[in-house]
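Structure assessment
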Amino acid sequence: MSASNESGRLVPGLTVWLTGCIFLLSGVAGLIYEVVWFRMLATTFGATGPALAATTASFMAGLGLGSRLAGGRADRMQRPIQVYALLELLIGTCALAMPSAIHGVGLVQRILFDAGESSVTRAVVQFSLILLVLVIPTALMGATLPVLCRAVIRSNAHVGRRFTWLYGINTLGAAAGAVLAGFLLIPLLGIRNTVYAAIGLNVAATVLALLIAGRRRSSVGENRSTESQLSETPPVYPEESATDAPPWMLLRCSVFLCGFAGLATQYLWTRSLIFGFDRLKNTTYSFSAVLTVTLLGLVLGTAATYLFIDRLKKPWRAFAVTVALMGLSILASVAVLVLSPKLHDIVDPKTLQVDFGHAVSQVVVRTIAVLGIPTVLMGAALPLAMRSAVEQSSAGKQVGGLYAWNTWGAVAGAIIAAFVITPVAGLLRGVAVLGIVQMLLAARIEWQRRLVSASLLVMSAVAGIVLVLAPESTWRLQTLRPGEFIVGYRDSATATVAVIENDVSERRICVDDVPVAGTSTIMQTDQKSLAHWSLLLAENPESALTVGFGSGGASHSFLLHDRLQRLDCVEICPDVPRMAPLLTEANHGLMEKNDSRYRVIIADARAYLAETSQRYDAIVSDCTDLRYRSSANLYDLEYFRLCRDALRPGGCTVIWMPLGGLSTDSFRLTLRTFARVYPETSVFYLHNRWTHYVLLVGHQQRPQLTVDRVRNFLSESDVWEDMSEIGMSNPYKIIATFLTSGRRLEYALKGDELNTEDRPVLEFAVPRFDTGPWSAQRNLDFLRQHRAPLHHLLADSVPESELQTCLAWQQAAEHILAAQAAERSFDLETATRHFLQAQILTPDDDAISGALDFPEFRALADRGQPTAWLLLGRTQQLQGNPDEALACIQQFEHCLDNLRSPLNDEQQAWHDQAVMWKPTAEQWKREIGGMQKSNEDSQR
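Residues numbered from 1 in each chain as written. Predicted model: local features only at pLDDT ≥ 70, side-chain atom pairs only at ≥ 80, totals over all residues. Heavy atoms only, no water.

1. Section: the sheet that holds strand 7 (residues 598-602)
As summarised here, the arrangement of the 8 strands in space is 7-6-5-8-9-11-10-12, forming an open sheet in which the pairing is mixed. Edge strands, defined here as strands with exactly one partner in the open sheet, are strand 7 and strand 12 (738-741). Strand-to-strand twist across the sheet, computed as the mean angle between neighbouring axes with direction ignored, equals 20 degrees. Here strand 6 (residues 566-571) runs beside strand 7; their pairing, made up of 5 bridges, is parallel. Of the residues in strand 7, the one forming a bridge with Val 570 is Ile 601. Against the sheet, helix 14 (residues 521-537) contacts strand 8 (616-621), strand 9 (647-658), strand 10 (680-684) and strand 11 (693-699), and its axis sits at roughly 20 degrees relative to strand 11. In the packing of helix 22 (residues 664-677) onto the sheet, the strands contacted are strand 9, strand 10 and strand 11, and the crossing angle to strand 9 comes to about 175 degrees. (Pairing = 2+ DSSP bridges. Helix = DSSP H or I, 4+ residues; strand = E, 2+ residues; numbered from the N terminus. Axes fitted to C-alpha atoms, helices over the stretch in contact; angles between N-to-C directions. Contact = heavy atoms within 4.5 Å.)

2. A few points about the pattern of salt bridges
This structure, assessed with the given rule, holds 32 salt bridges. Two residues, Arg 317 and Glu 446, come together in a salt bridge whose shortest N-O distance is 3.4 Å. Of this pair, Arg 317 sits in helix 9 (residues 315-339) while Glu 446 is found in the loop between helix 12 (427-445) and helix 13 (450-469), placing the two residues 129 residues apart along the sequence. Among the residues examined, Arg 317 registers a relative accessible area of 24% and is labelled partly exposed. Between Asp 575 and Arg 490 there is a salt bridge; the shortest N-O distance is 3.9 Å. One end of the pair, Asp 575, is in helix 16 (residues 575-578); the other, Arg 490, is in strand 1 (residues 485-491), with 85 residues separating them in the sequence. Residue Arg 490 is classed as partly exposed on the basis of its relative accessible area of 36%. (Salt bridge = Lys/Arg side-chain N within 4 Å of Asp/Glu carboxyl O. Buried < 20%, exposed > 50% of the residue type's maximum accessible area, 1.4 Å probe, protein only.)

3. Some thoughts on the packing of helix 12 against helix 13
It is the contact of helix 12 with helix 13, at a shortest axis distance of 8 Å, that shows an interaxial angle of 165 degrees. Overall, the two elements helix 12 and helix 13 adopt an arrangement that is roughly antiparallel. Crossing angle aside, the handedness with which helix 12 passes helix 13 is left-handed. Judged by residue contacts, Arg 429, Ala 432, Val 433, Ile 436, Met 439, Leu 440, Ala 442 and Ala 443 of helix 12 engage Ser 453, Leu 456, Leu 457, Met 459, Ser 460, Ala 463, Gly 464 and Leu 467 from helix 13. Residues of the contact of helix 12 with helix 13, tallied by class, amount to 12 nonpolar, 3 polar and 1 charged. (Parallel < 35°, antiparallel > 145°, perpendicular 65-115°, else oblique. Left-handed = near helix turned anticlockwise from the far one by under 90°. Nonpolar A, V, L, I, M, F, W, Y, C, P; charged D, E, K, R; others polar.)

4. Examining the packing of aromatic side chains
According to the stated counting rule, one finds 18 aromatic pairs in the structure shown. A centroid spacing of 5.9 Å and a plane angle of 75 degrees characterise the contact between Phe 38 and Phe 59, whose relative ring orientation is edge-to-face. Linking Phe 38 in helix 1 (residues 12-45) with Phe 59 in helix 2 (residues 49-74), this pair joins segments that are 21 residues apart in sequence. Against the face of Phe 356 rests Arg 768, its NZ or CZ located 3.7 Å from the ring centre. Positioned over the ring face of Trp 690 is Arg 824, at 4.2 Å from the centre of the ring. (Phe/Tyr/Trp six-rings, centres within 6.5 Å; stacked < 30°, edge-to-face > 60°. Lys NZ or Arg CZ within 6 Å of the ring centre and 35° of its normal.)

5. Overview of the confidence of the model for the protein chain
When pLDDT is averaged across the protein chain, the result is 86; 88% of the residues are at 70 or more. Confidence, read as mean pLDDT per element, is least for helix 35 (residues 905-939) in the protein chain (61) and greatest for strand 5 (residues 543-547) (97). Note on residues 1-11: pLDDT under 50 across the span, and 21 contacts to partners over four residues away in sequence or across chains. For residues 217-243, every residue scores under 50 in pLDDT, and the model assigns this stretch 49 contacts once sequence neighbours within four places are set aside. (pLDDT = per-residue confidence, 0-100.)

6. Side note on unusual backbone geometry
Despite not being glycine, Asn 540 has its phi angle at roughly 50 degrees, a positive value. Among the structural elements, Asn 540 can be located in the loop between helix 14 and strand 5. At Phe 854, a position not held by glycine, the phi torsion is positive, near 50 degrees. Along the chain, Phe 854 falls in the loop between helix 31 (847-852) and helix 32 (855-862).

7. Looking at a positive patch on the surface
Among the surface-exposed residues, Arg 68, Arg 73, Arg 76 and Lys 397 lie close enough to one another that they form a single positively charged patch. Relative to the elements of secondary structure, Lys 397 occurs in helix 11 (residues 395-425). Judged by relative accessible area, Lys 397 falls into the partly exposed class, the value being 48%. (Patch = residues over 30% accessible without salt bridge, like charges linked within 9 Å, V, L, I, M, F, W, Y side chains within 5 Å. Areas by Shrake-Rupley, 256 points an atom, 1.4 Å probe, with all protein chains shown as cover. Lys, Arg positive; Asp, Glu negative; His and termini not counted. Charge placed at Lys NZ, Arg CZ, Asp CG, Glu CD.)

8. Here's the deal with the side chain of His 687
Structurally, the position occupied by His 687 is in the loop between strand 10 and strand 11. Apart from the residues within four sequence positions on either side, His 687 is in contact with Met 728, Lys 733, Ala 736, Thr 737, Ala 813, Ile 816, Leu 817 and Gln 820.

Written as structure tokens, this is what we have:
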């Protein structure tokens, strides 16, 4: 068949193909806008559950509104292709204006916040403002489908195929947009340039549409021989019997419920899937991968339907079967989520780089296993519903109307899944409930076929009984280590929160499977240091803001200071403070004390700082690792500026900065971004034990710390006791936590690249790097190489004698850091020698004695690890404890004797080492015994 006639006009079939191509571009641009606008709105209004639900609902509501309004007018359009071109041009224009519009409504939000409106009023206004921003561009997007359906549907014989073609090709474009935005464009181009790229696609679609319109054959001259280029042999399409035509209201309700289930399950699946991922969980890559797989599933469903949809005698019956299978597959997805093992990524031990392709492929495979079949069926459902009712004479109106009902169902699904299903039923139960709803819908559609309907009702009843009777542990997705159990668990609109206890009675609180705080020594050090160091380094602090409640430990430490008159805590997830009674070892019953100085604000920290007029003397930002989406934007230039602008004169900002999980380049980039905002940046590391973070402290002017000031700081008994719990009650040791600042740090961080809202480099770079202890040690060693003299921290008035003592403690701290690094490498001999050197320099540091006992290796030895006994024996030998050394080596030999199999090469090597060390221990014992006897004789 010729592609064009003699006059150069395009035949209708080729018009359909070209129309599909421009709709593909439209889908790519639309999904890029969705990703970018969601990021912009989350930055302005916060990433709280209500804000994200409001954004999703507003986006879908706009699509439905545009589809409904355009559908009622599409059938009267004489030039639908030209109208489509205008719509694409207007979408691009709105995209250009979107940053200004979001900034404008953000100012309105700030005014309302300062006016003291109630939380309910603010939530309503927030939803209204987001809807106001999104309604015009999304309505324009929603209008494109009925307009193009009017352009390509010319007879009832190909209603199903033409709609399926357009719907599927647009969804394929959306999948491509998800890949481009989530993996390529934003990390390479930044937000602003990504928007420009999408606008370019709108312009390209506009130009192509106008070219098609200019060469398109008039509909008057069309004939059946050139009707469809999509099939070389046009089939004979049967007419649907009148008795099989669905009632219009039932069809609307069915399409509505399909949209409801589609977005609600997508929300619940996305939240549930992260528990099975490894390093990519909760990252921008995992969300992009899940979104892409979801859209591709819809594409496959529409593609499969395209092959047979117009040959169906009873499309309404096929729709019912599809809905029933959808319900069954949703129920099956629950079993896959529960039973499938957690994925583990591959890391290069030399470069510490994650095998990114392998990690993403694992995310994709798991996602396909969970939602592949349901999304394929969802992709088939809407075309079948359209085929059941749409006629050529009113194609635009009917397509627009049904698509509107589908998107409004999605709006309801987004809101109800977040605020009703998740809190009431939980994630897994919620998915099961939605599967049962789809089964019941299929039973209603097949009501006249009693046997089929009864079968579906019975299956729904059985699933409901299992839902009620299954043990509570069945529905919990939290990852547990050996010997752990859950003591508290909540699913909320924002996150899944769990409190876990291990076999030594330590507890930790996890948010979406990420540990954020707890009662272990490391986590206690984390929480206490943030509170005490911020108030020590701020000038005359009377008010403070802490970002993140965690276990409440940091808030407890803050409130121990009598000088503090006001403490605000911003927490994004309301269920985190509700877990405080389960973590009293850390917070000491903080929430029950009702301290008038303290309040918890449920909000996104970034949005709160942008809105509030409150000013603070100290702002502490305690976040999780940078790889997580919810934390990444709290380490960019704009957030650091928000913190700076909320400080009073003389105030300081303290940032919990992870050492692990970042390459040294990413680590330097983060510190460089912080230092660009704070001209006086200092770095502190608490060396009481090996930890995985440093404190970034930002001032506008150089701090003037003195030993007397630290002594006065510790003069409050509650503060002294709290610091003693982490071995940090000595003023000289506190000063020795200083690592670097000034020109040394400036030289170490030289470069121009920054992490900004427009160029979120860290969010995309950090997940590609290992999170283990070796990356943390590399970054700590980098800071040690650029250690600054103490005069960068201390005031010039510090007496010489005190300065020398400070220098001795700083030198001891360097030995302790070297010892901790050696211990991480299992080189206990080197570690012991450094600890002993530190003990000589600072004999008053009782923590060194505890470190020389090597508690982690002691725990391994108690579990029967032979090598641990041998290494502990050597450490005791170096410390001059021959009895303990011999006892440890004998335990090592005893463990080897109990091995039933012959020693392998590694075990034999350790045995040979023990043979070398043992005579030395015995010789030391004889020498020490002889010296003791000689001393006794001389005393006589």
